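As a plain string of letters, each chain reads:
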Amino acid sequence: MANPWARLGRAVLVPLLRSIARPSTRTSGSSRTSTVPDAGRSRGRRTSPQRGAGSTSRSGSHSGPHEVTAAEAAQRGAAYAGDYTGQISPVYSPKPDGRPDPGEVVWAWVPFEEDHSQGKDRPVLVVGRDGGHLLALMLTSKDHTRQGDRDYLDVGTGAWDREGRPSEVKLDRVLRLDEAAVRREGAVLDRGRFDAVTEALTSRR
């Protein structure tokens, strides 16, 4: 005759052992599902450099030309206040206040000298103010000084040029620009270079 205590022991121990084994299976399943968020984070890390590259491409040196249609160019040319021909009293006063100030290189649409209905988006050096307008000099990466053109002065490199090319400032034309139309995306020109530009500018007028 079978021992009743043995039957009782089996009846208690077998379910107990099975209940212990079940959590182990759930833990294994849980560990598998936990890899899904990890995979999502991995995908996020892979796409992040693409966003960064796009941002770098757009900002470059955090400045650059904007495309302007012919109609927009004509409208801006009509609104241009005209070149400045008076005396200039340059004051070096760059400030981190979100506004373009003398001593800063910013980007603006500059009308062509011979035809204000056409122009080009380019960096300009702010040298002063005339009432509500900014007085500025056009910058170019073309080499004029090597050809002996005294209307240009070397100012070197700066963050306004995404390719790090040396720039020259055009001294024989002072632009009168509406401050609201200027984009603060350039850089601050150091005091030494600013003084060299303004000295060359005022000696011509």
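### Examining the overall build of the protein
Scanning the protein from terminus to terminus reveals four helices and seven strands. Mapped from its N terminus to its C terminus, the protein presents α and β elements in the order α-α-α-β-β-β-β-β-β-β-α. For the protein, with 205 residues in total, the buried portion stands at 30%. Taking all contacts inside the protein whose residues are at least 6 apart in sequence as the whole, residues at least 24 apart take part in 66%. Looking at the protein as shown, the accessible area adds up to about 12,800 Å², and 53% of this sits on carbon and sulfur atoms.

### Regarding the nonpolar core
Ranked by internal contacts, the top residues of the largest apolar core, which has 19 residues, are Leu 125, Leu 137 and Trp 160. For this core, the elements supplying multiple residues, two or more each, are strand S1 (104-111), strand S2 (119-130), strand S3 (133-140) and helix H4 (191-202). Not counting residues within four places of it along the chain, the set of residues in contact with Leu 125 comprises Gly 103, Glu 104, Val 105, Leu 135, Ala 136, Leu 137, Leu 139, Leu 189, Phe 194 and Val 197. Membership of the second largest hydrophobic core comes to 12 residues, among which are Val 106, Leu 134, Ala 136 and Met 138.

### Some words on the pattern of salt bridges
Tallied over the entire structure, the rule returns 12 salt bridges. Among the ionic pairs, Asp 172 bridges to Lys 170, the shortest N-O distance being 2.9 Å. A residue is classified by how much of its surface remains accessible, and Lys 170, at 11% relative accessible area, is buried. One salt bridge connects Asp 195 with Arg 191, and the closest N-O pair in it is separated by 3.0 Å. One end of the pair, Asp 195, and the other, Arg 191, are both in helix H4, four residues apart, so they sit about a helical turn from each other. Overall, the relative accessible area of 33% leaves Asp 195 in the partly exposed class.

### Some points on the environment of Met 138
Along the chain, Met 138 turns up in strand S3. Taking C-alpha positions, Met 138 is 9.5 Å from Ala 108, a pair spaced 30 residues apart along the chain.

### Overview of the pairing of strand S5 (residues 167-170)
What you see with S5 is no split at all: Ser 167 and Val 169 on one side and Glu 168 and Lys 170 on the other are buried throughout. Bridge count for S3 against S5 is two bridges, and the pairing is antiparallel. Among the inter-strand pairings, Leu 139 is bridged to a residue of S5, identified as Val 169. Pairing of strand S4 (residues 152-156) with S5 involves four bridges; the strand directions are antiparallel. By the bridge assignment for S5, Gly 156 is matched with Ser 167.

### A word on the confidence of the model for the protein
Per-residue pLDDT for the protein has a mean of 75; in total, 68% of the residues score no lower than 70. Below a pLDDT of 50 lies the segment residues 23-62, which in the model reaches 10 contacts outside its immediate sequence neighbourhood of four places, other chains included.

### Notes on the packing of aromatic side chains
Enumeration according to the criterion identifies one aromatic pair in this entry. Ring geometry for Tyr 92 and Phe 194: centres 5.1 Å apart, planes at 50°, overall tilted. Of this pair, Tyr 92 sits in the loop between helix H3 (70-79) and S1 while Phe 194 sits in helix H4; the two residues are 102 residues apart in sequence, bridging distant segments of the chain. The class for Tyr 92 is partly exposed, based on a relative accessible area of 21%. Judged by its relative accessible area of 1%, Phe 194 is buried.

### Some thoughts on the side chain of His 144
As for its position among the elements, His 144 is in the loop between S3 and S4. On the basis of relative accessibility, which here comes to 19%, the residue His 144 falls in the buried class.

### With respect to the pairing of S3
Remember that side chains alternate between the two faces of the sheet whenever the strand is regular. Counting buried residues in S3 gives seven out of eight residues, a clear majority hidden from the surface. Note: S2 against S3, six bridges, orientation antiparallel. Paired with Asp 130 across the two strands is His 133, which belongs to S3. Connecting S2 to the next strand, S3, in antiparallel fashion are two residues, including Gly 131 with a positive phi near 65°. As paired strands, S3 and strand S6 (residues 175-178) are joined by four bridges and run antiparallel to one another. Counted as the bridge partner of Leu 134 is Leu 177 from S6.

Each value, and the rule that gives it
- Residues numbered from 1 in each chain as written.
- Predicted model: local features only at pLDDT ≥ 70, side-chain atom pairs only at ≥ 80, totals over all residues.
- Heavy atoms only, no water.
- Helix = DSSP H or I, 4+ residues; strand = E, 2+ residues; numbered from the N terminus.
- Buried < 20%, exposed > 50% of the residue type's maximum accessible area, 1.4 Å probe, protein only.
- Contact = heavy atoms within 4.5 Å.
- Areas by Shrake-Rupley, 256 points an atom, 1.4 Å probe, with all protein chains shown as cover.
- Core = buried A, V, L, I, M, F, W, Y, C linked by side-chain atoms within 4.5 Å.
- Salt bridge = Lys/Arg side-chain N within 4 Å of Asp/Glu carboxyl O.
- Pairing = 2+ DSSP bridges.
- pLDDT = per-residue confidence, 0-100.
- Phe/Tyr/Trp six-rings, centres within 6.5 Å; stacked < 30°, edge-to-face > 60°.

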